[in-house]
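Listed below, chain by chain, are the residues.
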Amino acid sequence: MTTETVQLSFNKPPNILTSYLKAATARSSGFRAGDSIPRIEARMASATPDRANLTKYNAVCGFTDPDNLPITYPHVLAASMHLEMLTNKAFPLPVLGLVHVRNSITQHRRIGARETLDIRVVVDGHRDLHNGIEFDLVSSAYAGEELVWEEVTTILS
């Protein structure tokens, strides 16, 4: 198991279909008592919401403000990064069987629908529970150097 930070960098969202294929065929590197999930960091610079996808998302979810992102939309921008991190060879757990437990989102200000964002995601360590282990994917969105949005996605294995 690696103890060094794994750093991933993306110029565009990772291909979700490729990540699904990796998730379906990946073998776990093994996770034993005393192990910990290594620190994996991912960054995607200059993410801009696709207008057509945002319009469809707003329609499906019932959001009515076309000028600002819904509070949940940065998660959409980060989701393919989440899966790419979970299918990385350094991640010690099998993706199939992971259960999304909860999300907590903090939006520091409205985010314009045309703003360019720097998306960052980190996973580092876990918590032992009676029924498995739990870990967090911590995502954040920056407009320049300003933190505008953050989320903690908690997952159970």
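Just above sits the structure.
Remember, predicted model here, so these are calculated numbers, not experimental data.

Rules used in this analysis
Every residue gets a number counted from 1 within its own chain, in the order that chain's sequence is written. For a predicted model such as this one, the threshold for reporting local features is a pLDDT of at least 70, and the threshold for listing and counting side-chain atom pairs is 80 or more; totals across whole chains, interfaces and linings nevertheless cover every residue. With hydrogens and water excluded, all non-hydrogen atoms of the structure serve as input to the side-chain values. Each Phe, Tyr or Trp ring (for Trp, its six-membered ring) is paired with any other whose centre lies within 6.5 Å, and the angle between the two planes then decides the class: stacked below 30 degrees, edge-to-face above 60, tilted in between. For a ring to carry a charge above it, either NZ of a lysine or CZ of an arginine must fall within 6 Å of the ring centroid while also lying within 35 degrees of the normal to the ring plane. Helix and strand definitions here come from DSSP, where helices need a minimum of 4 consecutive H or I residues and strands a minimum of 2 consecutive E residues; each element is numbered from the N-terminal end. Throughout, exposure labels follow a simple rule: accessible area from a 1.4 Å probe, protein chains only, divided by the maximum for the residue type, with under 20% read as buried, over 50% as exposed, and the rest as partly exposed. In protein, a polar contact means a hydrogen-donor-capable atom and an acceptor-capable atom, both N or O and within 3.5 Å, with residues adjacent in sequence counting only if both atoms are side-chain atoms; elsewhere, any N or O pair within 3.5 Å suffices. What we call a nonpolar core is a set of buried Ala, Val, Leu, Ile, Met, Phe, Trp, Tyr and Cys residues that are connected through their side-chain atoms within 4.5 Å. Only strands that DSSP links by at least two bridges are regarded as paired with each other. Basic side-chain nitrogens of Lys or Arg form a salt bridge, by our definition, when they fall within 4 Å of a carboxyl oxygen of Asp or Glu. This arc is taken over the directions from the axis of the helix to the C-beta atoms. Every residue pair with non-hydrogen atoms within 4.5 Å of one another is taken to be in contact.

### Details of the packing of aromatic side chains
Each aromatic ring pair is summarised here by two numbers: the centre-to-centre distance and the angle between the ring planes.
Consideration 1: Evaluation of the coordinates by the stated rule reveals three aromatic pairs.
Consideration 2: Sitting over the face of the ring of Tyr 142, Arg 120 holds its NZ or CZ atom 4.0 Å from the ring centroid.

### Concerning the side chain of Thr 154
Consideration 1: Along the chain, Thr 154 falls in strand E7 (residues 146-156).
Consideration 2: Taking relative accessible area as the criterion, Thr 154 reaches 3% and is therefore assigned buried.
Consideration 3: A distance of 2.8 Å separates a polar atom in the side chain of Thr 154 from a polar atom in the side chain of Asp 136.

### Focus: the nonpolar core
Consideration 1: Membership of the largest hydrophobic core comes to 38 residues, with the highest contact counts inside it found for Ile 40, Leu 86, Phe 91, Leu 117, Ile 119 and Phe 135.
Consideration 2: Broken down by secondary-structure element, the contributors of at least two residues to this core are strand E1 (6-10), strand E2 (40-47), helix H2 (51-61), helix H3 (73-86), strand E4 (117-123), strand E6 (132-143) and E7.
Consideration 3: In terms of residue count, the dominant contributor to this core is H3 (seven residues).

### A look at the pairing of E7
Consideration 1: Bridge count between strand E3 (residues 99-107) and E7: eight bridges; the pairing is antiparallel. For Asn 103, the partnering residue across the bridge sits in E7 and is Thr 153.
Consideration 2: Both E6 and E7 contribute to a ladder of 10 bridges, which runs antiparallel. Its bridge partner lying in E7, Asp 136 is registered against Thr 154.

### Digging into the pattern of salt bridges
Consideration 1: Counted according to the given criterion, the structure contains 11 salt bridges.
Consideration 2: We note a salt bridge from Arg 43 to Asp 118, for which the minimum N-O separation is 2.7 Å. Taken as a pair, Arg 43 in strand E2 and Asp 118 in strand E4 lie far apart in primary sequence, 75 residues in all.
Consideration 3: Arg 43 gets classed as partly exposed once you look at its relative accessible area, which sits at 41%.
Consideration 4: The class for Asp 118 is buried, based on a relative accessible area of 8%.
Consideration 5: Through salt bridges that share partners, Arg 102, Arg 127, Glu 134 and Asp 136 make up one connected network.

### Section: H2
Consideration 1: Along H2, the residues classified as buried are Leu 54, Tyr 57 and Asn 58. All buried residues of H2 lie within an arc of 100° about the axis, which places them on one face of the element. Within H2, the exposed residues directed more than 90 degrees away from the buried face are Thr 55, Lys 56, Ala 59 and Val 60.
Consideration 2: The elements touched by buried residues of H2 are H3.
Consideration 3: Two residues or fewer past H2, Gly 62 is found with a positive phi of approximately 85°.

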